[in-house]
Amino acid sequence: MLDKFPIIRATRNGIKEMEDIVVKEYHLTIILNKHELVTLLCSPEKLDFLAIGFLFSEGLISEKGDIKAIDLDVEGNLVSVATKNPQRFSKDILSKRLIGSSGGKGAYSFAGADPQSKIDTPIYVSPSEVLDLVEQFVHRSGLFESTGGVHSAALCDRTSILVFSEDIGRHNAIDKVFGECLLKDIPIHDHLLVTSGRVSSEILSKAAKRRIPILISKSAPTDLGLELAQERGITLIGFVREKRMNIYTHRWRVLSHGK
């Protein structure tokens, strides 16, 4: 996960030679039912969770029971997934693609449907609980503290982190969480999702597909992210730092006083 690199550290008082710690970048090719599907630029950990989470987010699998086998070849940068009922894909989908660490698909999309029903789950959280969760979240990321080069994501209940992952890509970090939940039979819906990255419409869509009612970020949302959160019934909380936060949408889930 980490490597050392010789650098020159420059300050107003001069320069000196030293070693810095940098995060490793890895490329993982996902093979679905013997077809090369996509190559992800990612961090080299929890690769099986990443592959399953990616397929889950894209609608190419819908439950753990769809999976027949997972074969991870770390040295070969490959993970092969076989499903019990292989789907037929168009030639465009079956031509190998590269998704950078920034994550978003752009014009690239698979067959996964995005259900449009509004999320009205009556789950509540207080500002104190949000601040406490984010404080736990920040201290869990040893990689970020060492390098400043990764994003993090976590599935939480009101008071604790249930599943945590980190990656050079914010989309990857969330997919690792979803993949781990799927393979370990941890329910995703009706929980809170915390992310370190900005909340774009694509990040919001990932949460909406999984019926997550509250999305929390240390960073800012985009206008389309806010629009989708409002439409889909998701409480979006951003800029959670130290003693403050911004509640953007569906504030009825955030309790004004107490817990």
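Our structure's up above, just so we're on the same page.
Residues numbered from 1 in each chain as written. Predicted model: local features only at pLDDT ≥ 70, side-chain atom pairs only at ≥ 80, totals over all residues. Heavy atoms only, no water.

**A look at the overall build of the chain**
Phase 1: Broken down by element type, the chain carries seven helices and 13 strands.
Phase 2: Taking contacts inside the chain between residues at least 6 apart in sequence as the whole, the part at least 24 apart equals 53%.
Phase 3: Roughly 13,000 Å² of accessible area belongs to the chain as shown, and the carbon and sulfur atoms make up 49% of that amount. (Helix = DSSP H or I, 4+ residues; strand = E, 2+ residues; numbered from the N terminus. Contact = heavy atoms within 4.5 Å. Areas by Shrake-Rupley, 256 points an atom, 1.4 Å probe, with all protein chains shown as cover.)

**Comments concerning the environment of P213**
Phase 1: With respect to the secondary-structure elements, P213 resides in the loop between α6 (201-209) and β11 (214-217).
Phase 2: By relative accessible area, P213 is classed as buried at 0%.
Phase 3: C-alpha separation for the pair P213 and T121, spaced 92 residues apart in sequence, amounts to 6.4 Å.
Phase 4: Beyond its immediate chain neighbours, meaning those up to four positions away, P213 contacts I119, T121, I123, D190, H191, G233, I234, T235 and R253. (Buried < 20%, exposed > 50% of the residue type's maximum accessible area, 1.4 Å probe, protein only.)

**What about the side chain of T195?**
Phase 1: In this structure, T195 sits in strand β10 (residues 192-195).
Phase 2: The class of T195 is buried, set by a relative accessible area of 1%.
Phase 3: A distance of 3.2 Å separates a polar atom in the side chain of T195 from the backbone nitrogen of G197.
Phase 4: Aside from chain neighbours lying at most four places away, what touches T195 is F137, S152, A153, I174, L215, I216, S217 and K218. (Polar contact = N/O pair within 3.5 Å; in protein donor to acceptor, adjacent residues only side chain to side chain.)

**Observations concerning the packing of helix α1 (residues 47-57) against helix α5 (residues 170-183)**
Phase 1: Between α1 and α5, the shortest axis-to-axis distance is 7 Å and the interhelical angle comes to 95°. In terms of orientation, α1 and α5 fall into the roughly perpendicular class. From α1, F49, L50, I52, G53, F54, F56 and S57 reach across to α5, where they touch N172, D175, K176, F178, G179, E180, L182 and L183.
Phase 2: Among the residues forming the contact of α1 with α5, the class breakdown is eight nonpolar, four polar and three charged. (Axes fitted to C-alpha atoms, helices over the stretch in contact; angles between N-to-C directions. Parallel < 35°, antiparallel > 145°, perpendicular 65-115°, else oblique. Nonpolar A, V, L, I, M, F, W, Y, C, P; charged D, E, K, R; others polar.)

**Details of the sheet that holds strand β12 (residues 235-241)**
Phase 1: Pairing in this open sheet of six strands is mixed, and the strands run β9-β8-β10-β11-β12-β13 from one edge to the other. At either end of the open sheet lies a strand with only one pairing partner, and these are β9 (161-167) and β13 (244-247). On average, each strand axis in the sheet is tilted by 20° relative to the strand beside it, whichever way the strands run.
Phase 2: Pairing analysis gives six bridges linking strand β8 (residues 151-156) to β9, with the strands arranged antiparallel. Among the inter-strand pairings, H151 is bridged to a residue of β9, identified as D167.
Phase 3: Against the sheet, α5 makes contact with β8, β9 and β10, and its axis sits at roughly 140° relative to β9, the strand it touches most. (Pairing = 2+ DSSP bridges.)

**Considering the pairing of strand β5 (residues 67-73)**
Phase 1: Direction of pairing for β5 relative to strand β6 (residues 78-83): antiparallel, over a ladder of six bridges. Bridge pairing links I67 to T83 in β6.
Phase 2: Where β5 folds back onto β6 in an antiparallel hairpin, the turn is made up of four residues, including N77, whose phi is positive at roughly 60°.

**Regarding the pattern of salt bridges**
Phase 1: The full count for this structure, using the stated rule, is six salt bridges.
Phase 2: Note that K64 and D185 form a salt bridge whose closest N and O atoms lie 3.2 Å from each other. Of the two residues, K64 is situated in the loop between α1 and β5 and D185 in the loop between α5 and β10; the sequence distance between them amounts to 121 residues.
Phase 3: Through salt bridges with shared partners, a single ionic network connects K46, E180 and K184. (Salt bridge = Lys/Arg side-chain N within 4 Å of Asp/Glu carboxyl O.)

**Here's the deal with unusual backbone geometry**
One can expect most non-glycine residues to show negative phi and most peptide bonds to be in trans.
Phase 1: Backbone geometry places N33, a non-glycine residue, at a positive phi of 50°.
Phase 2: Topologically, N33 is positioned in the loop between β3 (26-32) and β4 (35-42).
Phase 3: Even without a glycine there, the phi angle at F239 is positive, about 50°.
Phase 4: You can see F239 is positioned in strand β12.
Phase 5: Judged by its relative accessible area of 26%, F239 is partly exposed.

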